[in-house]
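Residues per chain, in single letters:
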Amino acid sequence: MTDDLPELRASDADRERVVERLRDAVAEGRLDMEEFEERLDATYKARTYGELEPLTRDLPATTGAAPVPAPTGGWADRIVGGEGTSAGGVAIMSGFSRKGSWTVPRRFNCFAFWGGGEIDLREANFAAPEVTINCVAIMGGMSVIVPPGVEVVVRGFGLMGGFDQRHLGEPGEPGAPRVIVTGFAFWGGVGVERKLPKAERLRLKEERRQAKLEKRADDRKELGDA
């Protein structure tokens with residue numbers, strides 16, 4: 001199904017399905033722990049179906065499973081319409097933060113003078129498929145944090161300051177919101193970065209810890225049987 005769309009962005013659920021197949025392969029003796037850890041790391045770094053597909057190409061599909069994960073539509077539940085729960089933020093020789101569970105309005109205006117602000121969208125809902133974060137930073141800084149899969153467009157202007165351009169042009173997942181970061185920075189800066197939600201980072205950390213514990217247990221068992 002996705003063979004014709006190798007550049008289509010993969011979702012967290014797609015990556016999780018690949019991880020499950022890799023775990024099955026370890027249990028069946030098709031992969032050793034070293035190969036499993038290498039492919040697990042590559043799975044969580046993969047952004048497209050084209051990057052995921054080779055990781056299970058040499059493994060048999062489980063019953064009812066496809067060689068490449070199918071797209072999912074989880075973003076639809078996060079575009080809720082209506083009004084945002086916060087219209088903006090101001091930091092004058094201080095700071096502000098918008099994070100956790102909140103609804104991003106169609107336009108979020110924020111201002112920082114000798115201060116800083118954080119706009120974290122990882123656990124947020126969105127009032128519309130396209131939202132604008134308008135940042136004015138004067139001798140201050142702001143950070144816009146978005147989850148993987150969200151398209152980001154940066155249109156801000158900097159004078160003796162700057163706007164982060166690293167995520168410009170990265171395509172979003174199907175159905176994901178589009179975030180436009182605009183505004184003005186003078187002797188300041190506005191940064192944009194992608195981060196996994198905290199719960200997802202903790203889950204991945206725990207999975208890696210469990211895999212290491214299982215490997216150590218297997219190693220001890222092999223030494224005991226020797």
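Just above, that's the structure.
What counts as what
- Once a new chain begins, its residue numbering starts again from 1 and follows that chain's sequence as written.
- Thresholds applied to this predicted model are a pLDDT of at least 70 for local features of residues and 80 or more for the giving and counting of side-chain atom pairs; totals over whole chains, interfaces and linings are not thresholded and use all residues.
- Calculation of side-chain values draws on the structure's entire complement of heavy atoms; hydrogens and water are dropped beforehand.
- Residues belong to one nonpolar core when they are buried, are Ala, Val, Leu, Ile, Met, Phe, Trp, Tyr or Cys, and are joined through side-chain atoms within 4.5 Å.
- Note on classification: 1.4 Å probe, protein chains only; a residue is buried when its accessible area is under 20% of the maximum for its type, exposed when over 50%, partly exposed between these limits.
- Strands are runs of DSSP state E lasting at least 2 residues, helices are runs of H or I lasting at least 4, and numbering of each runs from the N terminus.
- Residue contacts are counted whenever heavy atoms from the two residues lie within 4.5 Å of one another.
- Strands are labelled as partners when DSSP assigns at least two bridges between them.
- What a helix is expected to span follows from its residue count: subtract one and scale by 1.5 Å.
- The directions considered for the arc run from the helix axis to the C-beta atoms.
- Residues adjacent in sequence count toward polar contacts only when both atoms are side-chain atoms; beyond that, a polar contact is any pair of N or O atoms within 3.5 Å, and within protein one must be able to donate a hydrogen and the other to accept it.
- Patch members must show over 30% relative accessible area and no salt bridge, and they are joined within 9 Å when carrying like charges or within 5 Å when they are nonpolar side chains of Val, Leu, Ile, Met, Phe, Trp or Tyr.
- For accessible areas, the Shrake-Rupley method is used with a probe of radius 1.4 Å. Any residue's cover is judged against the shown protein chains and nothing else.
- Here, a salt bridge means any Lys or Arg side-chain nitrogen found within 4 Å of an Asp or Glu carboxyl oxygen.

### Brief notes about the nonpolar core
Piece 1. Grouped together as the largest cluster of nonpolar side chains are 29 residues, with contacts concentrated most on I119, I133 and V144.
Piece 2. Taken together, the elements giving at least two residues each to this core come down to β4 (107-113), β7 (130-138), β8 (141-146), β9 (151-154), β12 (178-186) and β13 (189-194).
Piece 3. Excluding its chain neighbours within four sequence positions, the residues that come into contact with I119 are F96, R98, W102, F108, C110, I133, S143, V144 and I145.
Piece 4. Within the second largest apolar cluster, 16 residues are counted, among which are F36, L40, L52 and A211.

### Here we look at the pairing of β12
Piece 1. Sheet topology note: the β7/β12 ladder contains 9 bridges and is parallel. Bridge assignment links V136 to a residue of β12, and that residue is F184.
Piece 2. Across 4 bridges, the pairing between β9 and β12 is parallel. Within β12, the position partnered with E151 by the bridge is R178.
Piece 3. Both strand β10 (residues 157-159) and β12 contribute to a ladder of 3 bridges, which runs parallel. Considered in β12, the bridge of G158 is made with A185.

### Observations regarding helix α2 (residues 33-45)
Quick reminder: α-helices carry 3.6 residues per turn. Residues three or four places apart thus point the same way.
Piece 1. Along its 13 residues, α2 runs 18 Å from first to last C-alpha, staying within 8% of the 18 Å computed at 1.5 Å per residue.
Piece 2. Every buried residue of α2 is listed here: M33, F36, R39, L40, T43 and Y44. Seen along its axis, α2 keeps its buried residues to an arc of 135°; they face one direction. Set apart from the buried face of α2 by more than 90 degrees, the exposed residues are E34, E38 and K45.
Piece 3. Here α2 starts with a cap whose side-chain oxygen sits 3.2 Å from the backbone nitrogen of E34, and that cap is D32.

### Here's the deal with a nonpolar patch on the surface
Piece 1. Together, V90, I92, M93 and W114 make up a nonpolar patch on the protein surface, roughly 460 Å² of accessible area in all.
Piece 2. Turning to its location among the elements, W114 is positioned in the loop between β4 and β5 (116-120).

### So, the sheet that holds β13
Piece 1. Taken in spatial order, the 5 strands make up an open sheet running β2-β5-β8-β13-β11, and their pairing is parallel. If you trace the sheet from one side to the other, it starts and ends with β2 (95-98) and β11 (162-163), each paired once.
Piece 2. Sheet topology note: the β11/β13 ladder contains 2 bridges and is parallel. Paired with G162 across the two strands is G189, which belongs to β13.

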